[in-house]
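Descriptive structure summary
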Amino acid sequence: GDTYVGGDSMIELGGKNVKVSKSVTVTDSDTAPVTVATLRLKPGTSAALSLRLSCEWTGGAPASVFAEFNVHHNSGAAPEPSAAVTPRRLGLVRATQSVGSAADDGYFEFAVEPDDSGGAGVEKDFVVKVYTADAGSGNAPTSASAVVVARAEGDFESLT
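One structure accompanies this document, and this report is about it.

Calculation criteria
- Residues numbered from 1 in each chain as written.
- Predicted model: local features only at pLDDT ≥ 70, side-chain atom pairs only at ≥ 80, totals over all residues.
- Heavy atoms only, no water.
- Helix = DSSP H or I, 4+ residues; strand = E, 2+ residues; numbered from the N terminus.
- Rg over C-alpha atoms; globule rule 2.2 N^0.38 Å.
- Buried < 20%, exposed > 50% of the residue type's maximum accessible area, 1.4 Å probe, protein only.
- Contact = heavy atoms within 4.5 Å.
- Areas by Shrake-Rupley, 256 points an atom, 1.4 Å probe, with all protein chains shown as cover.
- Salt bridge = Lys/Arg side-chain N within 4 Å of Asp/Glu carboxyl O.
- Phe/Tyr/Trp six-rings, centres within 6.5 Å; stacked < 30°, edge-to-face > 60°.
- Lys NZ or Arg CZ within 6 Å of the ring centre and 35° of its normal.

1. Points about the overall build of the protein chain
Of the regular secondary structure elements, the protein chain holds 0 helices and 11 strands. In the protein chain, the succession of helices and strands from N to C terminus is β-β-β-β-β-β-β-β-β-β-β. For the protein chain, whose C-alpha radius of gyration is 16 Å, the value lies close to the compact-globule estimate of 15 Å for 160 residues. Along the three orthogonal principal directions, the C-alpha set of the protein chain runs to about 45 × 40 × 25 Å. Each of the 160 residues in the protein chain was classed as buried or not, and the buried ones make up 39%. Sequence separation of 24 or more characterises 67% of the internal contacts of the protein chain that already satisfy a separation of 6 or more. Carbon together with sulfur atoms contributes 48% to the accessible area of the protein chain, which is approximately 7,900 Å² in total.

2. A few points about the pattern of salt bridges
In total, this model carries 6 salt bridges according to the counting rule given. Across the pair glutamate 80 and lysine 124 runs a salt bridge, and its minimum N-O distance is 2.8 Å. With glutamate 80 in the loop between β6 (62-72) and β7 (92-99) and lysine 124 in strand β9 (residues 124-134), the pair connects residues that are 44 residues apart, well separated along the chain. On the basis of relative accessibility, which here comes to 1%, the residue glutamate 80 falls in the buried class. Residue classification places lysine 124 among the buried residues on the basis of a relative accessible area of 3%. One network of salt bridges, with partners in common, ties together Glu80, Asp116 and Lys124.

3. Re the packing of aromatic side chains
This model, assessed by the stated rule, comprises 2 aromatic pairs. Seen in terms of ring centroids, tryptophan 57 and phenylalanine 108 are 5.5 Å apart; in terms of plane orientation they differ by 75°. Their pairing is edge-to-face. Of this pair, tryptophan 57 sits in the loop between β5 (46-56) and β6 while phenylalanine 108 sits in strand β8 (residues 106-114), and the two are 51 residues apart along the sequence. Each member of the pair, tryptophan 57 as well as phenylalanine 108, carries the same accessibility label: buried. Centre to centre, the rings of phenylalanine 69 and phenylalanine 110 are 5.5 Å apart; their planes meet at 80°, and the pair counts as edge-to-face. Taken together, the residues phenylalanine 69 in strand β6 and phenylalanine 110 in strand β8 connect sequence positions 41 residues apart. Each of the two residues, phenylalanine 69 as well as phenylalanine 110, counts as buried. Across from the ring centre of phenylalanine 156, 5.6 Å away, lies the NZ or CZ of lysine 16, which sits over that ring.

4. Brief notes about unusual backbone geometry
Geometrically, the link from alanine 78 to proline 79 is a cis peptide bond, its omega value of 10° lying close to zero. For proline 79, the position within the fold is in the loop between β6 and β7. Going from threonine 86 to proline 87, the amide bond is cis rather than trans, its omega being -5°. Even without a glycine there, the phi angle at serine 75 is positive, about 55°. If you trace the backbone, serine 75 turns up in the loop between β6 and β7.

Quick look at the structure:
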C-alpha cells in the first residue's frame, strides 16, 4: 500500500497501519484524564491499539508505560469498551509500566470511552485517556509533560 510520512505521523493506507506521535500534559485527575489517542471505527470492526507514553515523575525520575488494547465496535455490547459498566471494559490486553524510583508506588491509569453521542451503532470515536496515580504516597505528578506514540493496526477509519 501507499506510505506517507510527515511531521510526527506515518500512515500506511494499504496495510491499515498508522503511527501518531504527540505531546500532552498528563495530570493526576481521575475526573478529567487527558486524551492520548482517538481511534475511529465503523460498526462491526476492530483494531489493535498500542500506546507508549513517557514523562518525568515526581522527583525527576523517568516514567513510562506501554499499553496494548483490542478495541471493538459492537454497537455498545461487549466486548466494546465501556466506562458505563462495572467493571469497566477497557479492551486492555496488557500494560507494562516503569514509574519513578524503586520506592515509588505510582502508576498510570487508563480509560477508554466510546463517543455514543450520535448513537451506539454508528461510526464513532473511541477516546483513550490517561492519568497518573499512586497507592497512597502522594508522589503522582499533578502535571507532567509527556510524549505519546500511538499505533493502530486493523480495520479502522482514523487515529489521532
